[in-house]
Amino acid sequence: MRHLLELLKWDHLRFTALLNYLVGIVEGLERNEEPDYAEFIELITYLKPALKGSHQAEELALWQRLSQYAGPQHGTVTRMETLHRGVVDKGMALESGVRAAQAGARLPPEQLQRLADDFVSAFREQMAIEEQTIFPLLESVMPEHEWCGDAARAANSDQPRGE
């Protein structure tokens, strides 16, 4: 579990950098720069493991473990699933808008900016809650035997990290 938690923290650093890059593209809209839709799609593609892939599945496994040890009164799994669903929905809305614009549909810059801002804000909120609340709580309530053996399992895995 510890190895998995460290991988998730590392993913958050990468996601933060990608979100910052996306914000830079959106700031270009404010200067009336034409967005590079292919670049938008590439960024969304890099973020998909967090939205619908390995990162999200790994987080869900940790949230369920947390619920097992911290008790259901924390409502952690339900709360995080709700937040995550919001991030996924906002990510899908952004991707749909960008793909439509890339195909020639008119997407007003203020609409693209709103879609991107909504997505970035929701994603950052979810990561902040995980980093400031969920991860430390997990580390405090998870028994030591749950933390053992991770590195060996990870070292023996031939599964690549990503989608």
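Nothing here was measured: the structure is a model prediction, and the numbers come from that model.

Quick notes on empty space enclosed by the protein
Part 1 of the argument: Applying the stated rule across the entire model yields one cavity of 30 Å³ or more.
Part 2 of the argument: Space inside the largest cavity adds up to approximately 60 Å³.
Part 3 of the argument: H12, F15, A50, L51, H55, E59, H84, V87, F123, Q126, M127 and E130 together form the lining of the largest cavity.
Part 4 of the argument: Elements with a minimum of two residues in the lining of the largest cavity: α1 (2-30), α2 (37-52), α3 (54-70), α4 (76-102) and α5 (109-141).
Part 5 of the argument: It is α5 that provides the largest number of residues to the lining of the largest cavity, a total of four residues.

Details of the packing of α3 against α5
Part 1 of the argument: Following both chains from N to C, one finds α3 and α5 inclined at 45°, their axes separated by 10 Å at the closest point. Comparing the axis directions of α3 and α5 gives the class oblique. α3 and α5 meet at a crossing whose hand is left-handed. Every residue of α5 that contacts α3 at E59, L62, W63, L66, Y69 and A70 is listed here: Q126, E130, I134, F135, L137, L138 and V141.

Observations concerning α5
Part 1 of the argument: Between its first and last C-alpha atoms α5 spans 46 Å; for 33 residues at 1.5 Å apiece the expected length is 48 Å, and the two agree.
Part 2 of the argument: Its maximal kink placed at E130, α5 deviates by approximately 40°.

Looking at the packing of aromatic side chains
Part 1 of the argument: In this structure the tally under the stated criterion is two aromatic pairs.
Part 2 of the argument: Judged by centre distance (5.7 Å) and plane angle (55°), the ring pair of F15 and F123 falls under tilted. Taken together, the residues span a long stretch of sequence, with F15 in helix α1 and F123 in helix α5 at a distance of 108 residues.
Part 3 of the argument: By relative accessible area, which is 1% here, F15 ends up buried.
Part 4 of the argument: When the ring of F119 is compared with that of F123, the centres are 5.6 Å apart and the planes differ by 80°; the resulting orientation is edge-to-face. Pair noted here: F119 and F123 are both in helix α5, with a separation of four residues, about one helical turn. In this pair, the class of F119 matches that of F123, namely buried.
Part 5 of the argument: Site record: aromatic cluster; members linked through ring pairs are F15, F119 and F123.

Reading the values: rules and limits
- Each chain has its residues counted from 1, following the order in which its sequence is written.
- In keeping with the model being predicted, local features are shown solely for residues with a pLDDT of at least 70 and side-chain atom pairs are shown and tallied solely at 80 or more, while totals for entire chains, interfaces and linings include all residues.
- To obtain the side-chain values, all non-hydrogen atoms of the structure were included, while hydrogens and water were left out.
- Grid points spaced at 1 Å over the protein atoms alone were grouped into cavities, where a 1.4 Å probe fits but cannot get out, and pockets, open sets with protein on both sides within 12 Å along at least five of seven lines, with lining residues defined by an atom within 4 Å of a point.
- Grid points are joined across faces, edges and corners, and a volume is the space filled by probe spheres set on the points.
- Going along the chain from the N terminus, every DSSP run of H or I of four or more residues is numbered as a helix, and every run of E of two or more is numbered as a strand.
- Only the contacting stretch of a helix is used when fitting its axis, a line to C-alpha atoms as for every element, and angles between N-to-C directions run 0 to 180 degrees.
- By the definition adopted for this analysis, an angle is roughly parallel if under 35 degrees, roughly antiparallel if over 145, roughly perpendicular if from 65 to 115, and oblique otherwise.
- Each crossing gets its hand from how the near helix is turned against the far one by less than a right angle, where anticlockwise is left-handed and clockwise is right-handed.
- Two residues qualify as a contact provided that any one of their heavy atoms is within 4.5 Å of a heavy atom in the partner residue.
- Take the number of residues in a helix, subtract one, and multiply by 1.5 Å to get its expected span.
- A residue's bend is given by the angle between axes fitted to the 7 residues ending at it and the 7 residues starting at it.
- When the centres of two rings from Phe, Tyr and Trp lie within 6.5 Å, Trp using its six-membered ring, the rings pair. Their planes under 30 degrees apart give stacked, over 60 give edge-to-face, and anything left gives tilted.
- Exposure is judged per residue with a 1.4 Å probe applied to protein chains only, and the accessible area is read against the type maximum: over 50% gives exposed, under 20% gives buried, and values in between give partly exposed.

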